[in-house]
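A structural walkthrough
In case you want the letters, here they are:
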Amino acid sequence: MKKSTTIILLAAIILLGFTGCKKKAETAVEQDFMIRTQQVTAQDVEQIYEYTATVEANAVNNIAPLTGGRIDKIYVEVGDRVAKGKVLVQMNENSLKQQKAQLDNLKKSFNRIDELYKVGGCSKSDWDAMKTQVDVAQTAYDNLLENTQLISPISGVVSARNYDSGDLFGGLPVVTVQQITPVKMNINLSESLFKQVKVGMPVTITVDAYGDETFNGKVSLIYPTVDPTTHTFPVEVQLANSDGRVRPGMYARVTVNFGTSHHVVVPDEAIFRQQGSGNRYVYIYKNGKVKFSQVEIGRHIDNKYELLSGCEDGDYLATTGLARLKDGMKVKVEK
């Protein structure tokens, strides 16, 4: 029995000794872990942001009658430029002619009653009743006229034609007119820029179809609400496009310059992303230890990041071994 107890005590002593040695070894490794650091500084950073967008027409009008009927004549083709007020489509006039004949007859009847009324030959109620009939017939005629001669409400270019002369109108617009002088683009800005963007602010636009050629535009509309999911808000940008070269559907890049800000700039290798999240972090070195710090990044400039928060001017950041570091860990810096 004494022999067994002695063996157990010896095993416990050996195990405790092994554990102590292991802790000392780990501490030694931790203390001896070597890193490289870089001191970071604050500097003026141009706040230039680029956004992608699709060019859109400033206005799109689908030209169609309110009621069905036969299309007598379409006066335009796809690609034609049209002026505001131009007649684009002539629908069948039979109903219009019938309504015109009825209106003319009612006007003649009203003129006779009007003459009688002036000399006391009819009552005011008879005069009012006939006047109402004329007004109703005139309104019906005007509506038919508007839907018999289809007129473009804007100046633009014909982008679609869905029928030929002689077809029956079947629900699709007869033609579509798009206003392309100006054109517009919609971009989504971070909510942090909400106070900085202003209507009329200049922007620079490039379009893939024209390579590096730049076009000057401006902010034309700022939407008043922020998306709670993406924390962005829409902004409409307008391009005069007086020569009509930029067309709806083209792929564009919009560059907005918000001036400069004084922020810390750090090298790429000092920043790492925590697995499973989009958050970024750095390790700040001070007095032989590293401190874990979450940062908010801004622009990416060459091989550096602008930091909006989480790091101060003059801090030393670890640039190597980030995956093995821990908050509060003792380290040594390579000379």
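All of the points below concern the structure found in this document. These figures come from a predicted structure and were not determined experimentally. (Residues numbered from 1 in each chain as written. Predicted model: local features only at pLDDT ≥ 70, side-chain atom pairs only at ≥ 80, totals over all residues. Heavy atoms only, no water.)

1. Looking at the pattern of salt bridges
Summed over the entire model, instances satisfying the criterion amount to 11 salt bridges. Between K100 and D104 there is a salt bridge whose closest N-O contact spans 3.1 Å. A residue pair is termed a helical-turn pair when its members lie 3 or 4 positions apart in one helix, as K100 and D104 do in helix α2 (residues 94-118) at 4 residues. Of the residues examined, D104 reaches a relative accessible area of 28% and is grouped as partly exposed. Between E213 and R245 there is a salt bridge whose closest N-O contact spans 2.8 Å. Placement of E213 in the loop between β11 (202-207) and β12 (214-222) and of R245 in the loop between β13 (232-239) and β14 (251-267) is noted, with a sequence separation of 32 residues between them. Residues participating in the shared-partner salt-bridge network are E50, D208 and R253. (Salt bridge = Lys/Arg side-chain N within 4 Å of Asp/Glu carboxyl O. Helix = DSSP H or I, 4+ residues; strand = E, 2+ residues; numbered from the N terminus. Buried < 20%, exposed > 50% of the residue type's maximum accessible area, 1.4 Å probe, protein only.)

2. Some remarks on the packing of α2 against helix α3 (residues 124-146)
Any two packed helices are characterised by the angle at which their axes cross and by the distance between the axes. At a minimum axis separation of 9 Å, α2 and α3 run at an interaxial angle of 160°. Put simply, α2 runs roughly antiparallel to α3. At the point where α2 passes α3, the crossing takes the left-handed sense. Looking at side-chain class alone, the contact of α2 with α3 contains 14 nonpolar, 5 polar and 6 charged residues. (Axes fitted to C-alpha atoms, helices over the stretch in contact; angles between N-to-C directions. Parallel < 35°, antiparallel > 145°, perpendicular 65-115°, else oblique. Left-handed = near helix turned anticlockwise from the far one by under 90°. Nonpolar A, V, L, I, M, F, W, Y, C, P; charged D, E, K, R; others polar.)

3. Focus: the environment of D126
With respect to the secondary-structure elements, D126 resides in helix α3. Note: C-alpha distance between D126 and M34 (92 residues apart in sequence) is 107 Å. At 3.2 Å, the side chain of D126 forms a polar contact with the side chain of S123. (Polar contact = N/O pair within 3.5 Å; in protein donor to acceptor, adjacent residues only side chain to side chain.)

4. Some words on the nonpolar core
Grouped together as the largest cluster of nonpolar side chains are 27 residues, with contacts concentrated most on M185, I187, L189, I205, V246, V254 and V256. If you list the elements that add at least two residues to this core, you get β3 (41-54), β10 (175-190), β11, β12, β13 and β14. By residue number, the principal contributor to this core is β10, which donates 5 residues. When neighbours within four sequence positions are excluded, I205 is seen to be in contact with M185, E213, T214, F215, G217, V237, L239, A252, R253 and V254. V89, Y163, V174 and V175 belong to the second largest nonpolar core, which has 16 residues in total. (Core = buried A, V, L, I, M, F, W, Y, C linked by side-chain atoms within 4.5 Å. Contact = heavy atoms within 4.5 Å.)

5. A few points about the packing of aromatic side chains
Counted under the stated rule, the structure contains 11 aromatic pairs. Between F194 and F233, the ring centres sit 4.8 Å apart and the planes meet at 70°, which makes this aromatic pair edge-to-face. Pair noted here: F194 is in the loop between β10 and β11 and F233 is in strand β13, with a separation of 39 residues, a long-range link. Residue classification places F194 among the partly exposed positions, given a relative accessible area of 33%. By relative accessible area, which is 0% here, F233 ends up buried. Note on F272 and Y281: the rings are 5.9 Å apart at their centroids and 35° apart in plane angle, and the pair reads as tilted. Members of the aromatic cluster, each reached through a chain of ring pairs, are F272, Y281, Y283 and F292. Here the basic side chain of R245 rests over the ring of Y210, its NZ or CZ set 4.3 Å away from the ring centre. (Phe/Tyr/Trp six-rings, centres within 6.5 Å; stacked < 30°, edge-to-face > 60°. Lys NZ or Arg CZ within 6 Å of the ring centre and 35° of its normal.)

6. Let's talk about α2
For α2, which comprises 25 residues, the first-to-last C-alpha distance of 36 Å matches the rise-based estimate of 36 Å (1.5 Å per residue) to within 8%. Among all positions of α2, only L96, Q99, L103, L106, F110, I113 and D114 are buried. As for α2, its buried residues are in contact with α3. Looking one or two residues beyond α2, the residue adopting positive phi is G120, at roughly 80°. (Expected span 1.5 Å × (residues − 1).)

7. Some details on α3
Here α3 is 23 residues long and its end C-alpha atoms lie 33 Å apart, about the 33 Å a rise of 1.5 Å per residue gives. The complete set of buried residues in α3 reads W127, M130, V134, A137 and Y141. The secondary structure elements touched by the buried residues of α3 are α2.

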